[in-house]
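A look at the structure
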Amino acid sequence: MNYGRELLKDVEGYVPGEQLNRPDIIKLNTNENPYPPSPKVLEAIRALTDDALRKYPDPVSLAFRSACAERYGCESADWIIAGNGMDELLSLVLRTFVDPGDTVVATYPTYSLYEILCALHGSPLEYIDLDDDLQLAEDMYVARGRLCFLTRPNAPTGVAAPRADVERLCESFPGIVVIDEAYADFADDNCLDFPARFPNAIVMRTFSKSFSLAGMRIGVAIARPALIREFLKTKDSYNMDAVSQAAGLASMQDYDWQQENVAKVRATRTRLRAALIERGFDVPVSQSNFLLAHWAGEPAAKGIFEALRERGILVRYFNARRLTNALRITVGTDAECDALLTGLDAIIGDAGA
Ligand SMILES: Cc1ncc(COP(=O)(O)O)c(C=O)c1O
């Protein structure tokens, strides 16, 4: 008998622990930052005293939230909740604002975790397809539900909906609109001002991408204090450990470090996109730290994904509608991207442009 739930989580993009640190594997499949976090983060972790580990951490992560409030232009920490990665906050937003059975709305395609969280919560998820340009379709503005997830820039497309479209969505949607800004630091603009302008807007951020801290699990949500108060009622008492609070605070205090890494990733993104297009891929302009590369030639995208994996280069393949002819490639260092291109040249040979 199977006592567990059916395995919902798609583990295709993940690698077993022992492979994670193998220097011969080029890991371009889960959108991590190829550059290290600020040295100030390690200093802050090393500076933690025995007491910091012996005692429970601050349950409301006040110092970290205050630093985020200042950086993100909020009046006070009352506008922010911090959590154990953004994934925790995504599940918390359902527990806090959605009853099982209530409809949740999202674009298709989008971040695949929403579907899993809704299934676990017992809420039907209504997908509304993006249009052919990977932009929001008109149906989005007549959608009804308790909550809407909008990833901006979107994953796995990398495309950012214009801010005006997100404004229209916040105005037309009757429930909460979660604007998932996991990748916004790599974009030209963001929606950090939306919570002040729209009572139903919640912006979420992760420190896994631009701050190079995926191993720590740090995320924040920004919303009006009335919504944050509801979140605080449903979160675990100590949902952010002392080490993560110290690391998050230190990374905020060394914001220039993150900005320099973001600039490097953006420059490599431009170069990699051009190189992929030159090889015959169709690659929408990305505002993220990854590219969605569509491929119509031989071998098929899945074959390229497998052949790259044999060479120790991991990219992401989705066995899902509208995505089977595409690879999602994280922007790595210049050297990693060169290795990827060399691998691609060997696999696709003359099949490209
Ligand atoms: C769109 C999107 N939202 C949220 C997350 C989760 O971020 P975290 O690592 O903070 O849980 C990811 C991670 O890949 C993501 O792609």
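None of the values given here were measured: they were computed from a predicted structure.

Quick word on the sheet that holds strand β9 (residues 290-294)
- Read across the open sheet, the three strands follow the order β9-β12-β11; overall the sheet is antiparallel. Of all strands in the sheet, those with a lone pairing partner are β9 and β11 (316-317), marking the two edges.

Some remarks on the pattern of salt bridges
- Going through the model one piece at a time under the given rule, you end up with 20 salt bridges.
- Note that D129 is salt-bridged to R321, the shortest N-O span being 2.8 Å. Of this pair, D129 sits in strand β4 (residues 125-129) while R321 sits in the loop between β11 and β12 (326-330); the two residues are 192 residues apart in sequence, bridging distant segments of the chain.
- Judged by its relative accessible area of 47%, R321 is partly exposed.

Some remarks on empty space enclosed by the protein
- Per the stated rule, a full pass over the model turns up three cavities of 30 Å³ or more.
- Taken together, T107, L130, L134, Q135, L136, L150, T151, N154, V159, A160 and A161 make up the lining of the largest cavity.
- Of the volumes computed, that of the second largest cavity is approximately 40 Å³.
- Lining the second largest cavity are P59, V60, S61, R65, I81, A82, L232, K235 and N239.

Topic: the domain arrangement of the chain
- By domain assignment, the chain separates into domain 1 (17-30 + 256-351) and domain 2 (39-255).
- The centre of domain 1, based on its C-alpha atoms, is set 26 Å off from the matching centre of domain 2.
- Contacts between the two partners involve 24 residues from domain 1 and, on the opposite side, 27 residues from domain 2.
- A buried area of about 2200 Å², summed over both sides, lies between domain 1 and domain 2, and 51% of it is on carbon and sulfur atoms.
- Contact with domain 2 buries area across many residues of domain 1, yet Q258, Q287 and R322 alone supply 31% of it, more than any other trio.
- Linking domain 1 with domain 2 are three salt bridges.

A look at the packing of aromatic side chains
- Counted under the stated rule, the structure contains twelve aromatic pairs.
- Note on Y183 and F290: the rings are 4.9 Å apart at their centroids and 80 degrees apart in plane angle, and the pair reads as edge-to-face. Remark: F290 occurs in strand β9 and Y183 occurs in the loop between β6 (176-180) and α8 (194-197); sequence separation between them is 107 residues. By the burial criterion, Y183 is buried, and F290 matches it.
- Chaining the aromatic ring pairs together yields one cluster made of F64, F207, F211 and Y255.

Cut-offs used in this document
- Residues numbered from 1 in each chain as written.
- Predicted model: local features only at pLDDT ≥ 70, side-chain atom pairs only at ≥ 80, totals over all residues.
- Heavy atoms only, no water.
- Pairing = 2+ DSSP bridges.
- Helix = DSSP H or I, 4+ residues; strand = E, 2+ residues; numbered from the N terminus.
- Salt bridge = Lys/Arg side-chain N within 4 Å of Asp/Glu carboxyl O.
- Buried < 20%, exposed > 50% of the residue type's maximum accessible area, 1.4 Å probe, protein only.
- 1 Å grid on protein atoms, 1.4 Å probe; cavity = no way out; pocket = protein on both sides within 12 Å on 5 of 7 lines; lining within 4 Å.
- Points joined across faces, edges and corners; volume = space filled by probe spheres on them.
- Domains from an automatic or database assignment.
- Contact = heavy atoms within 4.5 Å.
- Buried area = accessible area lost by both parts, 1.4 Å probe.
- Phe/Tyr/Trp six-rings, centres within 6.5 Å; stacked < 30°, edge-to-face > 60°.

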